[in-house]
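Examining the three-dimensional arrangement
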2 protein chains.
Amino acid sequence: MAISDVDCCETYELHPDRINLVNAGMPDEDKLYDLAELFKVFGDSTRIRILYALFESDICVCDLAETLQMTQSAVSHQLKILKQSKLVSSRREGKSVFYFLADDHVRTMINQGLEHVSE
Amino acid sequence: MAISDVDCCETYELHPDRINLVNAGMPDEDKLYDLAELFKVFGDSTRIRILYALFESDICVCDLAETLQMTQSAVSHQLKILKQSKLVSSRREGKSVFYFLADDHVRTMINQGLEHVSE
DNA sequence: TGAACATATGAATAATTGTTCATATGTTCA
DNA sequence: TGAACATATGAACAATTATTCATATGTTCA
């Protein structure tokens with residue numbers, strides 16, 4: 001029934017102690033999924049560049065598009081994803097919409113990632 | 001020539017001060033790419049589950065496959081990606097290969113992500 | 001109200017990617 | 001050495017996704 005019965009592990013010398021220990025520490029499926037989804041949002045260089053831009057200053061869609069040399073549409077699509085993940089928020093000022101970082105986890109996570117890739 | 005000339009920003013009221021500020025703080029293209037690639041590795045629930053497993057104990061491929069109810073091949077492919085990103089390392093013990101976390105950034109990053117999704 | 005500006009969004013396309021299947025490589029032990 | 005075990009890997013397929021294009025929504029101001 002399980003994958004192990006029909007596939008790779010019929011004859012493997014398993015280590016039940018380790019398997020139980022690992023399963024005990026494993027978060028719920030929902031949490032794992034949410035966590036992966038969050039990282040997936042960071043896993044695109046366009047979105048990383050948008051977040052970096054917001055490190056410095058609140059900024060409107062038009063300025064973002066100009067800064068990143070992208071179309072307004074592409075930027076807008078990515079901002080929507082960032083907003084759904086609650087990494088950014090926005091406020092309207094007249095015709096413009098300004099985006100800003102929703103909280104400081106973003107900086108912390110990106111800095112932690114930078115430490116890793118800088119080694 | 002630039003995208004802005006032909007597309008979205010011909011008539012936009014840009015804010016040069018903000019744009020310059022943002023560009024000054026923007027890391028190199030290479031660094032941005034590496035950073036996005038790193039996050040992309042975290043952005044898959046299978047790999048997150050593997051990393052969680054390694055929080056508890058070094059573990060061999062077979063036990064990982066059994067624990068996560070996946071085929072040995074799928075686990076092995078993902079371990080390769082994690083290893084290329086230097087998030088895990090491995091040592092051989094006889095026929096088995098044991099994997100373990102390469103450094104503590106992994107824990108820090110995942111915990112930081114958890115804080116965000118737990119709000 | 002109507003025209004111009006600024007942003008958002010749906011559909012389509014191209015590119016990326018996780019898993020499976022088949023098989024290759026590496027290790028142990030009789 | 002040969003057989004069985006454990007892991008790694010290449011090719012193929014299905015699913016996801018970033019961007020583009022066309023257009024809709026929302027705002028200001030004459």
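Residues numbered from 1 in each chain as written. Chains lettered and ligands numbered in written order. Predicted model: local features only at pLDDT ≥ 70, side-chain atom pairs only at ≥ 80, totals over all residues. Heavy atoms only, no water.

Topic: the overall build of chain A
Going by this rule: What counts as a helix is a DSSP run of H or I of at least four residues, what counts as a strand is a run of E of at least two, and both are numbered from the N terminus. Whether a residue is buried, partly exposed or exposed follows from its accessible area with a 1.4 Å probe, protein chains only, as a fraction of its type maximum: under 20%, in between, or over 50%, in that order. Note on contacts: a residue pair is in contact if any heavy atoms of the two residues lie within 4.5 Å. Accessible surface is estimated by sampling points in the Shrake-Rupley manner with a 1.4 Å probe; for residues, cover comes only from the protein chains shown.
Along its length, chain A carries seven helices and three strands. The buried share of chain A, reckoned over its 119 residues, is 45%. Taking all contacts inside chain A whose residues are at least 6 apart in sequence as the whole, residues at least 24 apart take part in 51%. Of the roughly 6100 Å² of accessible surface on chain A, 46% is carried by carbon and sulfur atoms.

Concerning the confidence of the model for chain A
Formally: Confidence of the predictor in every single residue is expressed as pLDDT, which spans 0 to 100.
Averaged over every residue, the pLDDT of chain A is 87; residues scoring 70 or more account for 88%. When the criterion is pLDDT under 50, residues 1-10 of chain A qualifies, and its contacts beyond four places in sequence or with other chains add up to 16 contacts.

A short note on the interface of chain A and chain B
Under the convention used in this document: Here's the idea: put two parts together, see how much 1.4 Å probe accessible area each one loses, and the total over both is what we call buried area. A pair is scored as a salt bridge if a Lys or Arg side-chain nitrogen falls within 4 Å of a carboxyl oxygen belonging to Asp or Glu. Pairs of N or O atoms are called polar contacts if they sit within 3.5 Å, as long as, within protein, a hydrogen donor faces a hydrogen acceptor (for residues adjacent in sequence, only side-chain-to-side-chain pairs).
Between chain A and chain B, the residue contacts involve 67 residues of the former and 67 residues of the latter. Between chain A and chain B the total buried area reaches about 5900 Å² when both faces are included, carbon and sulfur atoms providing 70% of it. Sorting the residues of chain A by area buried against chain B places Phe39, His105 and His116 of chain A first, and these three jointly supply 11% of that buried surface. Put simply, chain A and chain B have zero salt bridges between them. Taken together, the connections running from chain A to chain B amount to six residue pairs in polar contact (both at pLDDT 80 or more). At the level of elements, helix H1 (3-6), helix H2 (16-25), helix H3 (29-42), helix H4 (45-56), strand E1 (59-60), helix H5 (61-68) and helix H7 (105-117) of chain A are the ones that each hand at least two residues to the side of chain A that touches chain B.

Let's talk about the sheet that holds strand E1 (residues 59-60) of chain B
Within a beta sheet, neighbouring strands are joined by backbone hydrogen bonds and run either parallel or antiparallel to one another. Residue and element names in this part refer to chain B. Formally: Any two strands between which DSSP finds at least two bridges are classified as paired. Fitted lines through C-alpha atoms serve as axes, helices being fitted only where they are in contact, and the angles separating the N-to-C directions of these axes extend from 0 to 180 degrees.
Judged by pairing direction, the sheet is antiparallel, and its three strands sit side by side in the order E1-E3-E2 without closing on themselves. At either margin of the open sheet sits one strand with a lone partner, and together these are E1 and strand E2 (88-93). By the bridge criterion, six bridges tie E2 to strand E3 (residues 96-101) in an arrangement that is antiparallel. Directly across from serine 89, in E3, lies its bridge partner phenylalanine 100. Contacting E1, E2 and E3, helix H4 (residues 45-56) crosses the sheet at an angle of about 90° to E3.

A closer look at unusual backbone geometry
Residues and elements named next belong to chain A. Within the chain, lysine 86 stands out as a residue other than glycine whose phi angle is a positive 60°. With respect to the helices, strands and loops of the structure, lysine 86 is situated in the loop between helix H6 (72-84) and strand E2 (88-93). Using a relative accessible area of 60% as the deciding quantity, one classes lysine 86 as exposed.

Brief notes about the relation of the copies chain A and chain B
What relates the pair of chain copies is a rotation about an axis plus a shift along that axis. Threshold: A least-squares superposition brings the copies together, and it is based on the C-alpha atoms of residues with pLDDT no lower than 70 in both.
It takes a turn of 180° to lay chain A on chain B, together with a shift of 0.0 Å along the axis; the resulting RMSD is 0.0 Å. What the rotation and shift describe, once combined, is the action of a two-fold rotation axis.

Here's the deal with the pairing of E3 of chain B
Residues and elements named next belong to chain B. Where E1 lies against E3, two bridges are found, and the strand directions are antiparallel. Residue pairing across strands places isoleucine 59 opposite tyrosine 99, the latter belonging to E3. Count of turn residues in the E2/E3 antiparallel hairpin: two residues, of which glycine 94 carries a positive phi of about 65°.

Quick notes on the side chain of threonine 46 of chain A
With respect to the secondary-structure elements, threonine 46 of chain A resides in helix H4. Not counting the four nearest positions on each side in its chain, threonine 46 of chain A is found in contact with Met70 and Gln78 of chain A.

Considering the sheet that holds strand E3 (residues 96-101) of chain A
Strand order in this open sheet of three strands is E1-E3-E2 (chain A), and the pairing throughout is antiparallel. Edge positions in the sheet fall to E1 and E2 of chain A, since each has one partner strand and no second.

Quick word on the pattern of salt bridges
For the structure on display, the rule yields eight salt bridges over all chains. Linking lysine 40 of chain A and glutamate 37 of chain A is a salt bridge whose minimum nitrogen-to-oxygen distance equals 3.1 Å. Placement of the pair is lysine 40 of chain A and glutamate 37 of chain A together in helix H3, with a separation of three residues, close to one helical turn. Residue classification places lysine 40 of chain A among the partly exposed positions, given a relative accessible area of 41%. When the shortest N-O distance is used, the salt bridge between arginine 91 of chain B and glutamate 93 of chain B registers 2.9 Å. Taking relative accessible area as the criterion, glutamate 93 of chain B reaches 41% and is therefore assigned partly exposed. Each of the salt bridges in this network shares a partner with another, and the network as a whole consists of Asp58, Arg91 and Glu93 of chain A.

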